Amino acid sequence: MHLIRLVDVHKAFNGFRVLDGLNLTVKQGEIIVILGRSGTGKSVLLKHLIGLIRPDRGQVLLEGVDLARLPERELFSVRKRFGYLFQHGALLDSLTIGQNIAFPLQEHTSWPRSQIEEVVATKLAQVGLPGVENKMPSELSGGMQKRAALARALALDPEIMLFDEPTTGLDPITTTTIRQLIAETVRGLKLTAVVISHDIELALALADVIAFLHQGKILTQESPVSFQLSPLPEVQQFLKGEPD
Amino acid sequence: MMFVRILGRMGNPFLGLLRELGEMAILLVNCLLWLPRPPYRLRHFFGQLEFIGVRSLFIVALTGLFTGMVLALQAYYGFRKFGGESLLGGAVALSMTREIGPVLTSLMVAARAGSAMAAELGTMRVTEQVDALLAMAVHPVHYLALPRVLSGLIMVPLLTVVDVFIGILGGYFVGVMLLGINPGTYMQKMVEMVVASDLYNGLFKSMVFGLLLALISCHQGLKARGGAQGVGLVTTRAVVYSAVAILIVDYMLTALLF
Ligand SMILES: Nc1ncnc2c1ncn2[C@@H]1O[C@H](COP(=O)(O)OP(=O)(O)OP(=O)(O)O)[C@@H](O)[C@H]1O
Ligand SMILES: [Mg+2]
């Protein structure tokens, strides 16, 4: 039933506690948006889900298998099931945009070149960047790089998508396009998505479930409707944007 | 107490060195393990061969020319004292093949290509491009380190051949054209004094140096953390460690081989 389950995850960097007994569950087929203030460890949390960071303590269970204790080699086959959008895109800067998006396809499929090129063109068009195949990442704006990175994360239509702030830095119109794209892709292909954001509007429009990260713990995990009505003072402060 | 503290201070760099060596050994083993596994990414590999080899050609040729020429000048000064000028050709060729060719070529490649490797991989590390590779289930050792290490292993010996050849030409130019040594004697002594094993040993050395400098540079690059400063630090380290390693290993190999 639970695709992903994090149990009592602790992570500290040089004695600085970031995740502090975190619990989270993600069901197959749902879109979960993780909200939280800047610097609370949202990106760190997401990296735990594919073993880029291992917890100091606790379990990261994918269908019951603990990724925290999985040997490096087995992690690689697990990672093929995921698509990951990094907060700053992380496109390979020695490759063109087209080559970047073709990269996972070349590595993990035996598709002919023409088919790969077709997928690249389709994905780029979907994120609103048709025809930039031959540009280098450094020739694009930050928001365009982010969208190209999104196209790369979607290239293989992976079972589980992890998006680190997919709409940060985008204009409102593009934000809506990207939101619809994520929703359509995930629902259409019956995938699962974990989306990180601090954009409340995006969360309310996109999520099946909203989780709120605060001081190293998930304070609550509930539907958007009940999240808005949450009695927790931290959630209400976040929703209203009140200063401390 | 004092004594323990002093020991501790001495121990830290030593332990650090041991750890670095251990990590590099692991990187080398990982490269070997990944070597036979597909995909082979030939175009990517040729790109590295070109970067390390073809684009180092000019600087290596220039180095070879001037070292050969200056060797001839210096050897002439020494040999003249006992009337041994005729040995000049052999002396230049021997020192180029056995020692100066491999060492100087490797040092130049470390400065030119090793630094670039460390800076590139370091930047990839701190901008999460290495994490992105991992997330796409592509191993950074397979994709980044292996082609560079292989290219170092292949290209540094080839560059050494160029360096030695041009160095010998430079020596000939100075010895015969400028210092007036009989060209026949010059060539004859050279052929007499240099044997095939001198060449092979020199090439073997440069293979080891090429492997070392690429391994060190990749290792440092992949270890980068922080930002621009972190990248700068590992780039400097890559060049310094490569140079020191080349010189130390050169002594050890020379003591063992010759
Ligand atoms: N590799 C690391 N080494 C040391 N500290 C780290 C590392 N990665 C993250 N941190 C620390 O962990 C904390 C959480 O970082 P993280 O990037 O997860 O925040 P975030 O919630 O994603 O913030 P934002 O919304 O601004 O992206 C920060 O205080 C950061 O300094
Ligand atoms: Mg973040």
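Cut-offs used in this document
Residues numbered from 1 in each chain as written. Chains lettered and ligands numbered in written order. Predicted model: local features only at pLDDT ≥ 70, side-chain atom pairs only at ≥ 80, totals over all residues. Heavy atoms only, no water. Helix = DSSP H or I, 4+ residues; strand = E, 2+ residues; numbered from the N terminus. Buried < 20%, exposed > 50% of the residue type's maximum accessible area, 1.4 Å probe, protein only. Areas by Shrake-Rupley, 256 points an atom, 1.4 Å probe, with all protein chains shown as cover. Lys, Arg positive; Asp, Glu negative; His and termini not counted. Charge placed at Lys NZ, Arg CZ, Asp CG, Glu CD. Donors = N, O, S within 2.8 Å, 3.2 Å for Na, K, Ca; no water. Pairing = 2+ DSSP bridges. Phe/Tyr/Trp six-rings, centres within 6.5 Å; stacked < 30°, edge-to-face > 60°. Core = buried A, V, L, I, M, F, W, Y, C linked by side-chain atoms within 4.5 Å. Contact = heavy atoms within 4.5 Å. pLDDT = per-residue confidence, 0-100. Axes fitted to C-alpha atoms, helices over the stretch in contact; angles between N-to-C directions. Salt bridge = Lys/Arg side-chain N within 4 Å of Asp/Glu carboxyl O. Expected span 1.5 Å × (residues − 1). Arc of directions from axis to C-beta. Near = heavy atom within 4 Å. Polar contact = N/O pair within 3.5 Å; in protein donor to acceptor, adjacent residues only side chain to side chain. Nonpolar A, V, L, I, M, F, W, Y, C, P; charged D, E, K, R; others polar.

**A closer look at the overall build of chain B**
- For chain B, the helix and strand inventory stands at nine helices and zero strands.
- When its C-alpha atoms are laid out on the principal axes, chain B stretches across 65 × 60 × 30 Å.
- Classification of the 258 residues of chain B by burial places 47% in the buried group.
- Element-wise, carbon and sulfur atoms account for 74% of the exposed surface of chain B, whose accessible area totals about 12,600 Å².
- Put simply, chain B has 18 plus and 12 minus side-chain charges, and the middle of one group is 7 Å from the middle of the other.

**Quick notes on the coordination of the magnesium ion (ligand 2)**
Residues and elements named next belong to chain A.
- For the magnesium ion (ligand 2), the protein coordination sphere consists of Ser-43 (OG) and Gln-87 (OE1), at 2.0 to 2.1 Å. One end of the pair, Ser-43, is in helix H1 (residues 42–48); the other, Gln-87, is in the loop between strand E6 (82–85) and helix H3 (97–108), and 44 residues separate them in sequence.
- For Gln-87, a relative accessible area of 26% corresponds to the partly exposed category.

**Here we look at the sheet that holds strand E4 (residues 57–62) of chain A**
Residues and elements named next belong to chain A.
- The four strands lie next to each other as E2-E1-E4-E5, forming an open sheet whose pairing is antiparallel. Two strands lie at the open edges of the sheet, namely strand E2 (16–27) and strand E5 (65–66), each paired on one side alone.
- Relative to E2, strand E1 (residues 2–13) is paired through nine bridges, and the arrangement is antiparallel. Bridging across to E2, His-2 finds its partner in Lys-27.

**Some details on unusual backbone geometry**
- Of the consecutive residues B:Pro38 and B:Pro39, the connecting peptide bond is found in the cis state with omega at -5°.
- Along the chain, the position of B:Pro39 falls in the loop between helix H1 (2–34) and helix H2 (42–52).
- One non-glycine residue with positive phi stands out, namely A:Asp8, at about 50°.
- Locating A:Asp8 in the fold gives a position in strand E1.
- With a relative accessible area of 33%, A:Asp8 lands in the partly exposed category.

**Regarding the packing of aromatic side chains**
All names here are of chain A.
- This structure, assessed with the given rule, holds seven aromatic pairs over all chains.
- Ring centres of Phe-212 and Phe-238 lie 5.2 Å apart, and the angle between their planes is 65°; on these two criteria the pair is classed as edge-to-face. Placement of the pair is Phe-212 in strand E9 (residues 209–214) and Phe-238 in helix H9 (residues 233–240), with a sequence separation of 26 residues. Of the two residues, Phe-212 and Phe-238, both sit in the buried class.
- Taken together, Phe-212, Phe-227 and Phe-238 form an aromatic cluster joined through their ring pairs.

**Things to note about the nonpolar core**
- With 44 residues, the main nonpolar core has A:Phe103, B:Val109, B:Leu133 and B:Leu144 as its most contacted residues.
- At the level of elements, H1, H2, helix H4 (88–126), helix H5 (129–135), helix H6 (140–178), helix H8 (196–223) and helix H9 (228–257) of chain B are the ones that each hand at least two residues to this core.
- Those residues within four positions of B:Leu144 in sequence are excluded, and the remaining contacts are B:Leu121, B:Met124, B:Val130, B:Leu133 and B:Leu222.
- Listed in part, the 43 residues of the second largest apolar core include A:Ile31, A:Val195, A:Ile210 and A:Phe212.

**Quick look at the confidence of the model for chain B**
Residue and element names in this part refer to chain B.
- Across chain B, pLDDT averages 93, with 96% of residues at or above 70.
- The least confident element of chain B, judged by mean pLDDT, is H1 at 83; the most confident is H5 at 97.
- Taken together, the chains of this predicted complex give a pTM of 0.92 and an interface ipTM of 0.95.

**Examining the sheet that holds strand E7 (residues 160–164) of chain A**
Residue and element names in this part refer to chain A.
- An order of E6-E7-E8-E3-E9-E10 is seen for the six strands of this open sheet, with the pairing classed as mixed. Each of the sheet's edge strands pairs with one partner strand only, and the pair in question is E6 and strand E10 (217–222). Between one strand axis and the next, the sheet turns through 15° on average, direction left out of account.
- The pairing of E9 with E10 spans five bridges and is classified as antiparallel. When the bridges of E10 are listed, Phe-212 appears paired with Thr-220.
- Contacting E6 and E7, helix H5 (residues 142–154) crosses the sheet at an angle of about 175° to E6.

**Looking at the pattern of salt bridges**
Residues and elements named next belong to chain A.
- Counted by the stated rule, this structure contains 24 salt bridges over all chains.
- In this structure, Asp-20 engages Arg-17 in a salt bridge whose closest nitrogen and oxygen atoms are separated by 3.4 Å.
- With a relative accessible area of 18%, Asp-20 lands in the buried category.
- Take Arg-17: its relative accessible area is 59%, and that puts it in the exposed class.
- A salt bridge links Arg-81 to Glu-63; the shortest N-O distance between them is 3.1 Å.

**Some thoughts on helix H4 (residues 113–126) of chain A**
All names here are of chain A.
- Compared with an ideal rise of 1.5 Å per residue, which puts 14 residues at 20 Å, H4 spans 20 Å between its outermost C-alpha atoms and is within 8% of the ideal.
- For H4, the full list of buried residues reads Ile-116, Val-119, Val-120, Lys-123 and Leu-124. With its buried residues spanning 130° around the axis, H4 presents them on a single face. Turned more than 90 degrees from where H4 packs its buried face, Ser-114 and Glu-118 sit exposed.
- Its buried side turned inward, H4 meets H3 and H5.

**Quick word on the site of ligand 1**
All names here are of chain A.
- Within the structure, ligand 1 sits among 14 residues, and Ser-38, Gly-39, Lys-42, Ser-43 and Gln-87 are positioned closest to it.
- Lys-42 is positioned with one of its side-chain polar atoms (N or O) 2.7 Å from an oxygen atom of ligand 1.
- The separation between an oxygen atom of ligand 1 and a polar main-chain atom of Val-44 is 2.9 Å.
- Out of a free accessible area of 630 Å², ligand 1 has 63% covered by protein chains.
- For the shell around ligand 1, the secondary-structure elements that each account for two or more residues are E2 and H1.
- Considering every element that reaches the shell around ligand 1, the biggest residue donor is H1, with three residues.
- Classifying every residue of the shell around ligand 1 by side-chain character gives four nonpolar, seven polar and three charged.

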